[in-house]
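# Descriptive structure summary
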Amino acid sequence: MPVTEEDIKLLEEVIAVYHRQGYVPTMKEISNVQRLKARFRTWDNVLWAAGLPSRNDPEQKKKRLDAIKRAGINQQG
């Protein structure tokens, strides 16, 4: 099923968070998850429709881990 204009509007937050943080967002980081999952069924489908890498992509995992470590350091210091 092709991605529609309405779908693109639904995906805007996912894409914006990706660009802001530099890695693929998790469901916890997105406010309209229920609407996205109702339309695309799985988070992997959401990421695919948004044109983003897989959440299991090794580079994405590394970026996410690095960001978590940086956040931990910033909270301590």
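By convention here, each chain's residues receive numbers from 1 onward along its written sequence. Only residues with pLDDT of at least 70 get local features here, since the model is predicted, and only at 80 or more are side-chain atom pairs given and counted; chain-wide, interface and lining totals rely on the full set of residues. As a rule here, side-chain values cover all heavy atoms of the structure and leave hydrogens and water aside.

### Describing a nonpolar patch on the surface
Note the cut-off: Residues enter patches when their relative accessible area tops 30% and they take part in no salt bridge; the joining distance is 9 Å for like charges and 5 Å for the nonpolar side chains Val, Leu, Ile, Met, Phe, Trp and Tyr. What sets the accessible areas is the Shrake-Rupley method with a 1.4 Å probe; for residues, cover comes only from the shown protein chains. When a carboxyl oxygen of Asp or Glu is within 4 Å of a side-chain nitrogen of Lys or Arg, the pair counts as a salt bridge. Each helix is a run of DSSP H or I of at least 4 residues and each strand a run of E of at least 2, with the numbering of both proceeding from the N terminus.
A cluster of nonpolar side chains, namely Val-3, Ile-8 and Trp-48, defines an oily patch on the protein surface of about 320 Å² accessible area. Checked against the element boundaries, Ile-8 lands in helix H1 (residues 5-21).

### Here we look at the nonpolar core
Put simply, the rule is: Put simply, a nonpolar core is a bunch of buried Ala, Val, Leu, Ile, Met, Phe, Trp, Tyr and Cys residues held in one set by side-chain atoms that sit within 4.5 Å of each other. Think of it in three bands: residues with accessible area under 20% of the maximum for their type are buried, residues over 50% are exposed, and the middle band is partly exposed, with areas taken using a 1.4 Å probe on protein chains only. Contact criterion: two residues are considered in contact whenever any of their non-hydrogen atoms come within 4.5 Å of each other.
Counting residues in each nonpolar core, the largest one holds 16 residues, and the members touching the most others are Leu-11, Val-14, Ile-30, Leu-36, Trp-43 and Val-46. Elements represented by at least two residues in this core include exactly H1, helix H2 (33-40) and helix H3 (43-49). If one sorts the elements of this core by residue count, H1 sits on top with 5 residues. With residues near it in sequence (within four places) discarded, Val-46 still touches Leu-11, Val-14, Leu-36 and Phe-40.

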